[in-house]
Amino acid sequence: MPFLHTAFRSSPNLAALILGALTALAFAPIGAFPIFWLCLPLLYRLLPLDHISAFTAAKRVWLFSFGGHLSGLYWISAALFTDLQTYWWGLPFSFMGLPFILAFFPALPAYLFFKILKKQDFTCQTTGAACLYYISLSSLLWLGDYARSTLFTGFPWNLPGYSLYTSLPLSQGASLIGVYGLSYLIYLCPAFLALLPDFKARLLQKAPLLLLPTFSCFGGLFLWGENRLQTPTEFYPNLDVQIVQQSIPQTEKWDSQLRERNLQAQINALQEARAETPATRTVLSILPETAITWPLNRFESLQKQLTRYSEPQDLIIAGSLGYFPNEAGGDVTNSVYFLSGDLSFQARYDKSHLVPFGEYTPFFGGSGLAQTLGMGSGMTAGPDRRTVNLPNIPSVSPLICYEVIFPSQVVNQTHEAPKWLLNITNDGWYGKSAGPYQHFHIAQFRAIEEGLPLIRSGNNGISASIDSFGRVIKETELNQITVLKTLLPKEITSKTVYSQKANLIHVVLFAITITAIFLCLLSSITKKSKKFHF
């Protein structure tokens, strides 16, 4: 193909790696999502079916994906620096190893796809065949993302759809087709631009036509989203929310000599904030993930300390550990506790989706960073998501840390539907990197998908109140020490399409992917049929 001979003649493999690395610019904190319309068409042109082997094609897809994960997930390694003396050996795996593994999710199906097409002597000699080929490639990339998001423990981070966070109207599409659907559109629409170099003299004539899928899909979404956002935010009356953010450094958070100081700082923040609010109002106070570094279920005195300055109608929500003795020594959980001001109501949710290698080690039962912090040999997962019914306050679905990153898995469908989502987290592990910003905007999409408001409490931020349309009502800065005072937004009056039909939508997207690939294969079998003309 002429385009490759001029633009990427010297090193197409390096070009694939660089293009992948550039896609990280689409995500927080930069948010340059149009970069996909540059990188994806160029990647598709780096995969000329008629000139490369299946192995070479898979290698370039792998390099593209590896580059994207390398530059987009670099911040994960920052967690090891909290105890670098112990976990220095993990840096190569966290920085290079994880992207290395994740890159195989799109590369393996790409290899099989190219292998079959080569066997069937498929060629891209006509515009129609080339168009079908590029659509199949975009579907394969989406399939790779869906696979890494759902297989094994799953890791749906930095899906292309999240890059739309900079445009709230476009983000509203998540309420219809979820972030998976938006990601599919982002892979698909730029595919048509890969045809541009084939037109040469007719470039200006054909460019608007090739941009038509982008303008029709995303233009329509934008107009629909703008109309959806005309609905004003409503709030629950007589209910104040105060989110404590003390930004305690990780090196100090688990220091046994500083635990009491850290606890007292958070209690003082609760007291001062509550004193500024009339005693007749109900106050919902929220402390982040593992704000209390003792197992709260084992210390009644700690529960009394937390609620000392609360009114009976108030509710304290605090992240803490849970410890449950047994014959093997005891189970440790990452939990969130719900305590009424007079302690007449108590509830607990144990994190059910633990972080691999952070809270447990897959296949070995041990724990990486958790063991360093004195939490035994590893953490124990809770049973499942749950809706917690609260006194004086609407019911909630609690989500601890990265549990919020899983689309369609933030609400237990067998329970009573919650009125809001709670996400407590501790992103202090990752410093002032891209990680906390990406995590925050991923949580924002869960609010849009489910049509539920989301309250987020982070140890070092970003804490926020987000309404059911993903609008940020109030938020803190990263590493800010503050108590964020806000109100609890109401849920939307009717459920979103995605919250009701998520599984069906995933099946439809998967079916479209398989159909595109099948048509491409079918075209190769019937290659002597009438040619397409653009």
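Scroll up a little and you will see the structure.
How each quantity is defined
- Residues numbered from 1 in each chain as written.
- Predicted model: local features only at pLDDT ≥ 70, side-chain atom pairs only at ≥ 80, totals over all residues.
- Heavy atoms only, no water.
- Helix = DSSP H or I, 4+ residues; strand = E, 2+ residues; numbered from the N terminus.
- Buried < 20%, exposed > 50% of the residue type's maximum accessible area, 1.4 Å probe, protein only.
- Contact = heavy atoms within 4.5 Å.
- Areas by Shrake-Rupley, 256 points an atom, 1.4 Å probe, with all protein chains shown as cover.
- Salt bridge = Lys/Arg side-chain N within 4 Å of Asp/Glu carboxyl O.
- Patch = residues over 30% accessible without salt bridge, like charges linked within 9 Å, V, L, I, M, F, W, Y side chains within 5 Å.
- Pairing = 2+ DSSP bridges.
- Axes fitted to C-alpha atoms, helices over the stretch in contact; angles between N-to-C directions.
- Expected span 1.5 Å × (residues − 1).
- Disulfide = S-S within 2.5 Å.

This part takes up the overall build of the protein chain. On a plain count of helices and strands, the protein chain comes out with 18 helices and 11 strands. A principal-axis box enclosing the C-alpha atoms of the protein chain has dimensions of 80 × 50 × 35 Å. Taking all 534 residues of the protein chain together, the buried fraction comes to 60%. In the protein chain, once contacts between residues fewer than 6 apart in sequence are set aside, the share between residues at least 24 apart is 72%. A total of about 22200 Å² of accessible surface is found on the protein chain, and carbon and sulfur atoms cover 62% of it.

On to the pattern of salt bridges. Counted under the stated rule, the structure contains 13 salt bridges. Note that R274 and D314 form a salt bridge whose closest N and O atoms lie 2.6 Å from each other. Note that R274 is positioned in helix α14 (residues 259-275) and D314 in the loop between α15 (300-306) and β3 (315-324), a separation of 40 residues in sequence. Looking at R274, the relative accessible area reads 6%, which means it is buried. By relative accessible area, D314 is classed as buried at 3%.

Side chains of F93, F100, I101, F104, L108 and F357 sit close together on the surface and give an oily, nonpolar patch of about 570 Å² of accessible area. Among the elements of the structure, α6 (91-102) and α7 (104-119) are those that each provide at least two residues to the nonpolar patch. Sort the elements by how many residues they give to the nonpolar patch and α6 lands first, with 3 residues. As for its placement among the helices and strands, F100 is situated in helix α6.

The strand order across the open sheet formed by 6 strands is β5-β4-β3-β2-β1-β11, and the pairing between neighbours is mixed. Unpaired on one side and paired on the other, β5 (346-350) and β11 (482-489) mark the two borders of the sheet. Neighbouring strand axes in the sheet, compared pairwise and without regard to direction, differ in orientation by 30° on average. As paired elements, β3 and strand β4 (residues 331-340) share 10 bridges and run antiparallel to each other. Among the inter-strand pairings, I316 is bridged to a residue of β4, identified as L339. Where α14 meets the sheet, it contacts β1 (235-245), β2 (282-295), β3 and β11, and its direction lies at approximately 180° from that of β2.

For the rest of this paragraph, the subject is the sheet that holds strand β6 (residues 396-400). Spatial ordering of the open sheet is given by β6-β7-β8-β9-β10, a layout of 5 strands whose pairing is mixed. Only two strands of the sheet have a single partner each, and these edge strands are β6 and β10 (472-475). Pairwise comparison of adjacent strand axes, ignoring direction, gives a mean angle of 15° for this sheet. Two elements, strand β8 (residues 454-458) and strand β9 (residues 464-466), share 3 bridges in a ladder whose sense is antiparallel. By the bridge assignment for β9, I455 is matched with S465.

Helix length check: α6, at 12 residues, gives a terminal C-alpha distance of 16 Å against a target of 16 Å (1.5 Å per residue), a fit within 8%. Turning to α6, its buried residues number three or more, namely S94, G97, P99 and L102. Looking at the buried positions of α6, the neighbouring elements they touch are α4 (54-72), α7 and α8 (127-150).

Within the structure shown, the criterion is met by 0 disulfides. The structure places no disulfide on C39, whose sulfur is separated from the nearest cysteine sulfur, that of C189, by 16 Å. Exposure remark for C39: the relative accessible area of 0% places this residue in the buried category.

Here we come to the environment of L343. Inspection of the secondary structure puts L343 in the loop between β4 and β5. Residue L343 is classed as partly exposed on the basis of its relative accessible area, which comes to 21%. Along the chain, L343 and I316 lie 27 residues apart, while their C-alpha atoms are 9.6 Å from each other. When residues no more than four places from it in sequence are discounted, the contact partners of L343 are Q303, K304 and T307.

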